[in-house]
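Descriptive structure summary
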Number of protein chains: 2
Amino acid sequence: MGDAFGDANAPLPPSRGVLYGVGVGPGAPDLITLRAARLIEQAQVVAYPTLAGAASFARAIAADLIAPQTQEIIMDVPMSVERAPAQAAYDEGATRIAAVLDQGQDVVCLCEGDPFFYGSFMYLFARLSDRYRVEVVPGVTSVTACAARAGRPLAARNERLTVLPGPLPEDELRARIAGAESVAIMKVGRHLPKIRAVIEALGLTAQTVYIERATLPEEVVLPLAEAPEAAPYFSMILLTKGADPWL
Amino acid sequence: MGDAFGDANAPLPPSRGVLYGVGVGPGAPDLITLRAARLIEQAQVVAYPTLAGAASFARAIAADLIAPQTQEIIMDVPMSVERAPAQAAYDEGATRIAAVLDQGQDVVCLCEGDPFFYGSFMYLFARLSDRYRVEVVPGVTSVTACAARAGRPLAARNERLTVLPGPLPEDELRARIAGAESVAIMKVGRHLPKIRAVIEALGLTAQTVYIERATLPEEVVLPLAEAPEAAPYFSMILLTKGADPWL
């Protein structure tokens, strides 16, 4: 298992708890996996980050599964362009989680989508996986959820799929999209005007869909040309150049 | 909702059944979503393709959820390099599914991983979504499942993720991997020697993991240097050049 379980010659004390990084999927509570649901329901301690005191989306997705007596470890990350405050928040969160694991109790960390796909869980993984057993439970990502809701197959046969973060510089976005087949652009938010200009300049607007809050009641699915001026953080752009669904 | 529901000016007859394309995840039965599990348990008709009479992996994943009296529509795709025999199999399968939908009954099509991510469901979607209501239920893909099992975060912050099919020509694989950050190579199988040579030539072997049958009891996770000579179809290569898990 390599990285996840540290040095095979140094077995971990069996009395320690296990840290579970659990993907809760893209938003609809019934897109949680059976395994994740069972772990959350049985958890005595759950953990999740929040941003500047705002509500946690991951916790909201899993809310109906969390028992009333469950202890919650909240890592509040301050809003800042500096890295140090966020690092301090994850350092402190890792210390609090480690204290629970040392008592032999498991901790279930709730992650939107999938823990290893643009998720903050990897910051806890980096801090704790050398000393504790960590199990990652994969989840449905927003990429396939958006494709499902937009009715757009992502990739077939020998097609390529490229996932790009919206904050990338305009020149890099243009070059990456031009050389790609299917493209999913994550974290659109305030980068929508820049992304829209790049796709328009490449003549690809007609093949592009804008999706926000996929699988939630307030979901929006629109052709890019009809997308709003302002996009929320949980929005995505899907561009399918290849993805011919006919065999 | 665009493509998935056809022309908004021509409402579909409400008496027709719904075709569900349901992702059953990467292999472990408890990585099925709550929604998919409910649909499969309640299904009166399930459908899935098989290859030259072999057992269906998607059906095996969902086996414990399928009620004994459930009708099964099996689309057997003959082994052939030609496209016409497979096209005929999906044409015939679509006709049989349409007959059930016309009787007002729903059909739940079982798909390994996610229906729109290298899945054969899109061949049925292309044949039926103009005349019937189709709902796609996204599933956990093998990409995030392999990352979870290998303990390798896929992408963080502004990193890119590229998904490549193993059958791509050697030159193209080399160019795409050289220009990428994190890379997931699907459908490795008999292409393993070619892929290994490309990664070795790029000096990236030490950062690369080989995974087969992720999340199943017979799972294998190895550094690429220790991968077997012969790989099964359900194997993957993960290469993480970026994906620094530290914040």
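Nothing here was measured: the structure is a model prediction, and the numbers come from that model. (Residues numbered from 1 in each chain as written. Chains lettered and ligands numbered in written order. Predicted model: local features only at pLDDT ≥ 70, side-chain atom pairs only at ≥ 80, totals over all residues. Heavy atoms only, no water.)

1. Notes on unusual backbone geometry
The general pattern is negative phi for most residues beyond glycine and trans for most peptide bonds. Residue and element names in this part refer to chain B. Phi at Ala-52 takes a positive value of approximately 50 degrees, unusual for a residue other than glycine. Structurally, the position occupied by Ala-52 is in the loop between β2 (45–51) and α2 (57–62). We classify Ala-52 as partly exposed; its relative accessible area is 43%. Unusually for a residue other than glycine, Arg-213 sits at a positive phi of about 50 degrees. Residue position: Arg-213 is located in the loop between β8 (208–212) and β9 (220–223). (Helix = DSSP H or I, 4+ residues; strand = E, 2+ residues; numbered from the N terminus. Buried < 20%, exposed > 50% of the residue type's maximum accessible area, 1.4 Å probe, protein only.)

2. Remarks on the environment of Gly-151 of chain A
All names here are of chain A. Here Gly-151 is to be found in the loop between α5 (142–150) and β6 (161–165). Overall, the relative accessible area of 2% leaves Gly-151 in the buried class. Taking the C-alpha atoms as reference points, Gly-151 and Val-209, 58 residues apart in sequence, are found 10.0 Å from one another.

3. Considerations on the domain arrangement of chain A
Residues and elements named next belong to chain A. Under the domain assignment, chain A is made up of domain 1 (2–137) and domain 2 (142–240). Of note, the centres of domain 1 and domain 2, computed from C-alpha atoms alone, are 28 Å apart. Contact with domain 1, which involves 8 residues of that partner, is made by 11 residues of domain 2. Both sides of the domain 1 and domain 2 interface together cover about 760 Å² of buried area, and 77% of this is carbon and sulfur. At the surface where domain 1 touches domain 2, the tally comes to 0 salt bridges. For the pair domain 1 and domain 2, the number of links is 1 residue pair in polar contact (both at pLDDT 80 or more). Each residue belonging to the side of domain 1 that touches domain 2 can be placed in one class, and the counts come to 6 nonpolar, 1 polar and 1 charged. (Domains from an automatic or database assignment. Contact = heavy atoms within 4.5 Å. Buried area = accessible area lost by both parts, 1.4 Å probe. Salt bridge = Lys/Arg side-chain N within 4 Å of Asp/Glu carboxyl O. Polar contact = N/O pair within 3.5 Å; in protein donor to acceptor, adjacent residues only side chain to side chain. Nonpolar A, V, L, I, M, F, W, Y, C, P; charged D, E, K, R; others polar.)

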